[in-house]
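# What the coordinates show
What follows is each chain in one-letter form.
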Amino acid sequence: MASYAKDPRCITMAEALVPLLRRSSPERAGGYGGSYQVNLDDEEAVGVGGVELIRAAMRKAARQLDWNVETIGWIGTRFGTMIALRDTREVPEVYRTAVDAAMCEQMSAAVARVSAESGEAPVLRGSVALMTQEFRAAVAEASA
């Protein structure tokens, strides 16, 4: 597998992703418990460098925040290309309540969306739809 560590596209994308990853951590959680996912059209993902470049940029940005991460990246799913990462660091007890509450809120919102009438899902803070919009904007701005 090719290394993207010194690829200028990876470096630029990682710089654009740092604030997005930072915002993905729950409020009052000390920067712990963050996760980030984008769903792109397959052609769009290839246009910005492909799954592996995007994953590498996410990992590079996460390292700048001292996160330990797991990443996934799949092209050709029924949702298009999916790329995600999550902070796997042990959450200190002082932040545990905030992280647990945020996780519960996200799960409740997901269940509500699934059980709601069909239609366009609302764009909520921390939703994949919003993260994807932010990602597109940040990459476009960084590439300009």
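By convention here, each chain's residues receive numbers from 1 onward along its written sequence. The predicted nature of this model means local features are confined to residues of pLDDT at least 70 and side-chain atom pairs, given and counted, to a pLDDT of 80 or more, with totals for whole chains, interfaces and linings taken over all residues. Processing note: side-chain calculations cover all non-hydrogen atoms of the structure and skip hydrogens and water entirely.

### As for unusual backbone geometry
For clarity, the cut-off: A run of DSSP states H or I qualifies as a helix once it reaches four residues; a run of E qualifies as a strand once it reaches two. Both are numbered from the N-terminal end.
With phi around 60°, Arg28 is a residue other than glycine that occupies positive phi space. Despite not being glycine, Asp66 shows a phi value in the positive range, around 65°. Along the polypeptide, Asp66 turns up in the loop between helix H3 (51–64) and strand E2 (69–77).

### Some remarks on the pattern of salt bridges
Our working rule: When a carboxyl oxygen of Asp or Glu lies within 4 Å of a side-chain nitrogen of Lys or Arg, that pair is called a salt bridge. When accessible area is computed with a 1.4 Å probe and restricted to protein chains, residues below 20% of their type maximum are described as buried, those above 50% as exposed, and intermediate ones as partly exposed.
Inspection of the entire model under this criterion finds nine salt bridges. With its nearest N and O atoms 3.1 Å apart, the salt bridge here joins Glu134 to Arg23. Of this pair, Glu134 sits in helix H5 (residues 128–143) while Arg23 is found in helix H1 (residues 8–24), placing the two residues 111 residues apart along the sequence. Look at Arg23 and you get partly exposed, because its relative accessible area is 44%. Asp87 is the salt-bridge partner of Arg89, the closest N and O atoms lying 2.7 Å from each other. A single burial state applies to Arg89 and to Asp87, both of which are buried. The network of salt bridges with shared partners includes Glu90, Arg96 and Asp100.

### Here we look at the sheet that holds strand E3 (residues 80–87)
Think of a sheet as strands paired side by side through backbone hydrogen bonds, with each pair either parallel or antiparallel. Going by this rule: A pair of strands counts as paired when DSSP detects no fewer than two bridges linking them. Interaxial angle, 0 to 180 degrees, is taken between N-to-C directions of lines fitted to C-alpha atoms, where a helix line uses only the stretch in contact. It only takes one pair of heavy atoms within 4.5 Å for two residues to be counted as in contact.
With respect to topology, three strands assemble into an open sheet ordered E1-E3-E2, the strand pairing being antiparallel. If you trace the sheet from one side to the other, it starts and ends with strand E1 (35–40) and E2, each paired once. Taken pair by pair, the neighbouring strands of this sheet meet at an average axis angle of 5°, ignoring direction. Bridge analysis of E1 against E3 gives six bridges, and the strand direction is antiparallel. Paired with Val38 across the bridge in E3 is Ile83. Each of E1 and E3 touches H1; the most contacted strand, E1, lies at about 120° to it.

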